[in-house]
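What follows is the residue order along each chain.
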Amino acid sequence: MTTAATRLVGTAHTRVEGRDKVTGAARYAGEIPFAELAHGWLVLSTVARGRIRALDTEPVLAMPGVLTVLHHHNAPRVDTGYTGVMGTLPDPTIGVFQHDRVPHAGWPVALVVAETSEQAREAAEALVVHYDQEPHDVAFSAQREAEAYPLGGHAPAVVEKGDLEAELAASAVVIDAEYTTPEEYHNPMEPHATTARWEDGRLEVVDSNQGTNWVAGELASLFSLDPGSVRVRSEHVGGGFGSKGVRAHQVAAVMAATVLRRPVRVVLTRRQMFVLAGHRSPTAQRLRLGADADGRLRALEHRSLSQTSTVHDFVEPSAAASRSMYAADAHHTAIRLVKLDVPTPTWMRAPGEAPGSFALESALDELAERCGVDPIELRIRNEPAVGPVSGLPFSGRNLIACFREGARRFGWAERDPRPGVRREGRWLLGTGTAAASFPAMAMPSTAALTAEADGTFTVRINAADIGTGARTALTLVAADALEVPTDRVRVRIGDSDLGPAMFAGGSAGTRSWAWAVTAAAEELRSHVAPGIDVPPEGITVRSDTTEAVGALAQKERHSFGAQFAEVAVDPATGEVRVRRMLGIFAAGRIVNPLTARNQFVGGMTWGISMALHEEAVRDRASGGLYDADLAGYHVAAHADVPHIEADWVDDPDPDDPVGIKGIGEIGIVGAAAAVANAVWHATGVRHRDLPIRPDRVLMAGGDA
């Protein structure tokens, strides 16, 4: 038995599936064998806008091993007019091969299916497609705001409180600056892969995704199937970061399996992932801050512009990041979109908060400089007592505790605030800081918990472990709730037959799943007591947290953090090196410190990548990307990652049964701003456009 003194939640545990992963026993979606497996290869458009005039399929069908070529003339029809799991119409991109229109470069125009992957690829590359090409437009910039329109998605498009212009006019110090972030890509280690087959009248899909219920529901709606006739399994996932939802390759695989009546696998190449897996939209953001001479904010305006495709609206809600951070008498935020001939963007780790925090936290640093106030002290002076816009109480707000602990450990008190004065040989040295915040959500989930006759317990919950250690976290939660050791608990996840549960997204997975597991354990303990015999089939109970989650009082619920960075800049070459980073977080009760620290450090590493490396560049002539591979699209490598330290302050959420908030995304929030602010401190030059490339450092003669 475990006791309060020996609780498992909060102690470090290696992953329960770790041995399987390092030995290869854990198989991913593209590795699982099937009898009579056929292989599909997507053919993508080479034009950015137009129509398909003809496809030369006969020569391809005559090639060795080719089974079929699906395209808009012969593919099964699907329905994209339903309301999806997100409460909106689905992106028509997933309705592949339904018409002859091409809305962007890389649009799927055909699927070649053959006996082997090699045969499918050779045939796909041999398929000649004729187009009627039309003029396209892929040029995103801040100058497009005149044609943009407000759209809020899951947050209001425009939120206004107070008289902005009057407060700006009354301010002693005003910051008015524009910030940009580029188009960015997820690039999880495991490519997107799907195998579809029909068996006994039921569609079975083995897939790499962030929520099997999500994918199963969308496929059932697309193909007008009874939801119970679709099963999706996704046991091991090698990263998702928002990209592994419902995509064109899954639908194409189901189409091919339906036509051929045999299993069909479709795996995306790395280059195809740059088109078909979504991306983070570029942003152009304008911040206007008005403050008294001592740095107290009177006005905060944050306007963000992002791109979407011509076929579907997706919002990168960058301005929403400002709505809960700092108090101001006037608080105006607006989110606007411009349609271009590009693929539809999607959720990418910390959607909205990652680019939004770069702009907001950079502007706060500029305000601190202008006011002659320490950047941490400035944030303390503008700490809100309640939600700055909502007026709701915070469920917990330990941001200042994060800054104070971080400042102590980073040595902030010894910092000379003057920029450009600290040198080490040819290097200019600087330090910077930034705040981080991400919503703490809980969504309804169900779980089944069985007391087995042999004294063990089996947890069945449709969670998704996308590399975060969710299996291990749920094992600890269940063991604590049942008061048994972890070796008596087995956790089964990643199967739509297990029932509805939250997908892995929004940093809400573990919080939502743990709630359902805890509720099931509490009920099961009332059925399994000393002296009660467990029958051979076991005793099973099922929980549903819909009512409990719905009863939560309205509050501002967030995880918070303070990011610190030290950089070295070579003014002769423009090279920027991050020497050390520290992140201190207030993210609820930490279930497993070992995997939690990995999540924080991974997010901070991505923040380095965002600040200094990541940038997808579109060719305006072709509409495609110049750098659609990991040779041209730079990400932080081992040589770029310095000593990174992540830790946390005590911050349990009293409204959650386990005290969890969520940690998956907050590690990247604020990290890029901390690096950019450190570059200013090293050089005296502000960089408001990411990434901070060497050429930008060299070209910056004044404010960048």
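Look up: the structure comes first, before these words.
Source: prediction; values computed, not measured.

About the cut-offs
Residues numbered from 1 in each chain as written. Predicted model: local features only at pLDDT ≥ 70, side-chain atom pairs only at ≥ 80, totals over all residues. Heavy atoms only, no water. Helix = DSSP H or I, 4+ residues; strand = E, 2+ residues; numbered from the N terminus. Rg over C-alpha atoms; globule rule 2.2 N^0.38 Å. Buried < 20%, exposed > 50% of the residue type's maximum accessible area, 1.4 Å probe, protein only. Contact = heavy atoms within 4.5 Å. Lys, Arg positive; Asp, Glu negative; His and termini not counted. Charge placed at Lys NZ, Arg CZ, Asp CG, Glu CD. Salt bridge = Lys/Arg side-chain N within 4 Å of Asp/Glu carboxyl O. Axes fitted to C-alpha atoms, helices over the stretch in contact; angles between N-to-C directions. Parallel < 35°, antiparallel > 145°, perpendicular 65-115°, else oblique. Left-handed = near helix turned anticlockwise from the far one by under 90°. Nonpolar A, V, L, I, M, F, W, Y, C, P; charged D, E, K, R; others polar. Pairing = 2+ DSSP bridges. Expected span 1.5 Å × (residues − 1).

(A) Up close: the overall build of the protein. Scanning the protein from N- to C-terminus turns up 16 helices and 25 strands. In summary, the protein has a C-alpha radius of gyration of 26 Å against a globular reference of 27 Å for 704 residues, a match within 12%. With the principal axes as the frame, the protein shows a C-alpha extent of 75 × 75 × 50 Å. The proportion of buried residues among the 704 residues of the protein is 61%. Across the protein, every contact between residues at least 6 apart in sequence was considered, and the portion connecting residues at least 24 apart equals 82%. With 68 positive and 88 negative side-chain charges, the protein shows a separation of 2 Å between the mean positions of the two kinds.

(B) Broad picture of the pattern of salt bridges. The tally for this structure, following the rule as stated, stands at 60 salt bridges. Residue Asp-365 pairs with Arg-686 through a salt bridge whose shortest N-O separation is 2.9 Å. Note that Asp-365 is positioned in helix H8 (residues 353-371) and Arg-686 in the loop between helix H15 (671-683) and helix H16 (694-699), a separation of 321 residues in sequence. Several salt bridges converge on common partners, so that one network encompasses Glu-405, Arg-408, Arg-409, Arg-597, Glu-645 and Asp-647.

(C) Structural detail: the packing of helix H14 (residues 593-612) against H15. Here H14 crosses H15 at 55°, and the two axes come no closer than 7 Å. One finds that H14 runs oblique with respect to H15. Between H14 and H15 the crossing geometry is right-handed. Here Met-604, Gly-607, Met-610, Ala-611 and Leu-612 of H14 come into contact with H15, specifically with Ala-671, Ala-672 and Val-675. Its residues assigned to classes, the contact of H14 with H15 comprises seven nonpolar, one polar and no charged.

(D) Representation of the sheet that holds strand S3 (residues 66-70) in the model. Taken in spatial order, the seven strands make up an open sheet running S3-S5-S1-S13-S10-S11-S12, and their pairing is mixed. Both edges of this open sheet fall to S3 and strand S12 (230-233), since each of them pairs with a single strand only. Across the sheet, the mean angle separating the axes of adjacent strands is 20° when strand polarity is ignored.

(E) Just the sheet that holds strand S20 (residues 457-460), in detail. The mixed open sheet is built from four strands, whose spatial order is S21-S20-S19-S22. A single partner strand is all that each edge strand has here, and the edge strands are strand S21 (489-492) and strand S22 (539-544). Pairs of neighbouring strands in the sheet enclose a mean axial angle of 15°, with direction left out of account. Across four bridges, the pairing between strand S19 (residues 446-451) and S20 is antiparallel. The residue of S20 that forms the bridge with Thr-450 is Thr-458. Along the sheet, helix H11 (residues 470-482) contacts S19, S20 and S21; its crossing angle with S21, the most-contacted strand, is approximately 135°.

(F) Examining the environment of Pro-227 more closely. Tracing the backbone through its elements, the reader meets Pro-227 in the loop between helix H5 (212-222) and S12. With 14 residues separating them along the chain, Pro-227 and Asn-213 place their C-alpha atoms 9.7 Å apart.

(G) Region of the structure containing unusual backbone geometry. The linkage connecting Leu-690 with the following residue, Pro-691, adopts the cis geometry, with an omega of -5°. Locating Pro-691 in the fold gives a position in the loop between H15 and H16. Phi at Arg-261 is positive, roughly 55°, even though this residue is not glycine. Within the element layout of this structure, Arg-261 appears in the loop between helix H6 (248-260) and strand S13 (264-267). With a relative accessible area of 55%, Arg-261 lands in the exposed category.

(H) Highlighting helix H12 (residues 509-527). With 19 residues, H12 should reach 27 Å at 1.5 Å per residue; the first-to-last C-alpha distance of 28 Å fits that figure. Along its buried surface, H12 packs onto S19, S20, H11, S22 and helix H13 (546-550).

The analysis is restricted to geometry; functional conclusions fall outside its scope.
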